[in-house]
Amino acid sequence: MNKEVCLCNYLELDKLFCKDFFTGLKFRIVWATWVLKLKMVGSIEVMTRNSHSNGTISSYNGLEEKLDEFRRVLGKADGDLLKIVGVGAGAWGSVFAALLQDSYGQFRDKVQIRIWRRPGRAVDRATAEHLFEVINSREDVLRRLIRRCAYLKYVEARLGDRTLYADEILKDGFCLNMIDTPLCPLKVVTNLQEAVWDADIVVNGLPSTETREIFEEISKYWKERISSPVIISLSKGIEAALDPVPHIITPTQMINWATGVPLENILYLGGPNIAAEIYNKEYANARICGAGKWRKAVAKFLRQPHFIVWDNSDLVTHEVMGGLKNVYAIGAGMVAALTKESATSKSVYFAHCTSEMIFITHLLTEEPEKLAGPLLADTYVTLLKGRNAWYGQMIAKGELSLDMGDSITGKGMIQGVSAVEAFYELLSQFSLSVQHPEENKPVAPVELCPILKTLYKILIKREQQPCGILQALRDETMNDPRDRIEIAQSHAFYRPSLLGQVEGKTITAKNN
């Protein structure tokens, strides 16, 4: 039997299954037989050293040299593995690990790339059925699973005879929050201590709402470490604290306070990107932000022909914007749904929300980077297609309820919801008051941010319906967004206390 005939027979059997002609023991026996025949005749090509695990051939040159250079920067000796681990397996965290695996995973004697996620998260029946459809629509994925003798479990899950788990399917290249985009197979670790205790590079792919808790756990395993790892945070969102003064807590600060790893070793990566599109090799940009000690070397290591990574020193603006864009993306989704994708309405919303973002960043940093270029693009793509914009659309259409919470099956954590509450709590403190341009009296900063106020009333207080966002935009008393930008740029609004700076000292974890 040649491999073409064997594959043809296999595909015919697959068509029969898809029509539900075989659903019992007989089908599974026949199926297993054909899988064994496929394996025996070697119908599936073996991947070469220079090909991606998901079936696409690598055309990149100089990867090993780039890896060697990065190893030297980190002080790795010959024969000593560079250990990279992702913590958290949401869409972006999983894609980030897969990009590294695709690029550098072939050099097994020099680098180890793994990802940690919690065990025990069951895949529901509807998702399992959809996953099976995705597998059968992609010949490269189908072949890979058969070659790995992993296809049968997806057959059984589709039949309802087996429960799949999120960590289990991640090993085969499927992220629960992004089922429609198969990744390369990943090395998954479910024991946190095993994953991180000797890692050289730790990638934080956790939601901001979980970052502090998990890194406090991680700190227990790093007590005996001689040197600190380099941490790359992908997390977008903030927390608010009101004692001893109102201040913002970003994910990089959470990690610093939880672990004691110096801030110079903690970087933030953000940019105008959608995870699935990046993995599908659509051209994208990103910025690695933080102290100069590591960021240029990390930027060079992460850069790929379709994923250009620049470096920047302004950690505060980029990390805060990472949280703000999710806030205003929810409103953008609401406006899009309520106006049936009116380009005019969306542009009006864009003008007002970006002016509020500029105003807020001037409170948080003395010389913030302007909302232009990559920062503006990052905001645009999130408002256009991010999960927070999708959430806003579904809420406005009535297809999702606020009672369902902010963790949505198939999408993951909707970070913008908690960020709305955090920014509102901070900016509603009268101790941070600014001069109102028309009323000529001090007011809390949030009074100059009508969209943020409206989102808070809709999402947190639930005092308004989603249509309230349109009422805010159409209010004839709404100022020209240019006025808000001029106020921010012409006044000394910077409040060091908002970043935990009190009389030249940084508020520590114990204060929080």
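Please refer to the structure placed before this passage.
We now turn to the structure provided with this report.

1. Comments concerning the overall build of the protein chain
Consideration 1: Counting its secondary structure elements, the protein chain contains 21 helices and 16 strands.
Consideration 2: Within the protein chain, the proportion of its 512 residues that are buried is 56%.
Consideration 3: Considering only residue pairs separated by 6 or more positions, the protein chain has 72% of its internal contacts joining residues 24 or more positions apart.
Consideration 4: About 22,500 Å² of surface is accessible on the protein chain, with carbon and sulfur atoms providing 49% of the total.

2. What to know about helix H19 (residues 450-460)
Consideration 1: Those residues of H19 that fall on the buried side of the exposure criterion are Ile451, Leu452, Thr454, Leu455, Tyr456, Ile458 and Leu459.
Consideration 2: In this structure, the buried side of H19 is in contact with helix H14 (315-338), helix H15 (343-364), helix H17 (387-397), helix H18 (415-427) and helix H20 (468-473).
Consideration 3: After H19 finishes, the residue Arg462 shows a positive phi value of roughly 60°.

3. Focus on the pairing of strand E8 (residues 266-270)
Consideration 1: Most of E8 is tucked away: five of the five residues are buried.
Consideration 2: Because side chains alternate across E8, one face comprises the buried residues Ile266, Tyr268 and Gly270, and the other comprises Leu267 and Leu269, equally buried.

4. Examining the sheet that holds strand E3 (residues 188-189)
Consideration 1: Spatially, the eight strands line up as an open sheet ordered E3-E2-E1-E4-E5-E8-E9-E10, and their pairing is mixed. Strands at the two margins of the open sheet, each flanked by one partner only, are E3 and strand E10 (307-312).
Consideration 2: Sheet analysis places E8 next to strand E9 (residues 284-289), joined by three bridges and oriented antiparallel. Bridge assignment links Gly270 to a residue of E9, and that residue is Arg287.
Consideration 3: Most of the contacts of helix H13 (residues 295-302) go to E10, to which it runs at about 175°, and overall it touches strand E1 (82-87), strand E5 (230-233), E8, E9 and E10.
Consideration 4: Contacts between H14 and the sheet are confined to E8, E9 and E10, with E8 contributing the most and set at about 50° to the helix.

5. Details of the environment of Tyr380
Consideration 1: Topologically, Tyr380 is positioned in helix H16 (residues 374-385).
Consideration 2: Distance in space between the C-alpha atoms of Tyr380 and Asn273 is 9.8 Å, their sequence separation being 107 residues.

6. Some words on the packing of H18 against H19
Consideration 1: The contact between H18 and H19 brings their axes to 9 Å, and the two run at 125°. It follows from the interaxial angle that H18 and H19 lie oblique. Judged by the sense of rotation from one axis to the other, the crossing of H18 with H19 is left-handed. The segment H18 lies against H19, with Val417, Val420, Glu421, Phe423, Tyr424 and Leu427 engaging Leu452, Lys453, Leu455, Tyr456, Leu459 and Ile460.
Consideration 2: Here the residues of the contact of H18 with H19 are counted per class, giving ten nonpolar, no polar and two charged.

Here is what the cut-offs are and how they apply
- Residues numbered from 1 in each chain as written.
- Predicted model: local features only at pLDDT ≥ 70, side-chain atom pairs only at ≥ 80, totals over all residues.
- Heavy atoms only, no water.
- Helix = DSSP H or I, 4+ residues; strand = E, 2+ residues; numbered from the N terminus.
- Buried < 20%, exposed > 50% of the residue type's maximum accessible area, 1.4 Å probe, protein only.
- Contact = heavy atoms within 4.5 Å.
- Areas by Shrake-Rupley, 256 points an atom, 1.4 Å probe, with all protein chains shown as cover.
- Pairing = 2+ DSSP bridges.
- Axes fitted to C-alpha atoms, helices over the stretch in contact; angles between N-to-C directions.
- Parallel < 35°, antiparallel > 145°, perpendicular 65-115°, else oblique.
- Left-handed = near helix turned anticlockwise from the far one by under 90°.
- Nonpolar A, V, L, I, M, F, W, Y, C, P; charged D, E, K, R; others polar.

Structural measurements only, silent on function.
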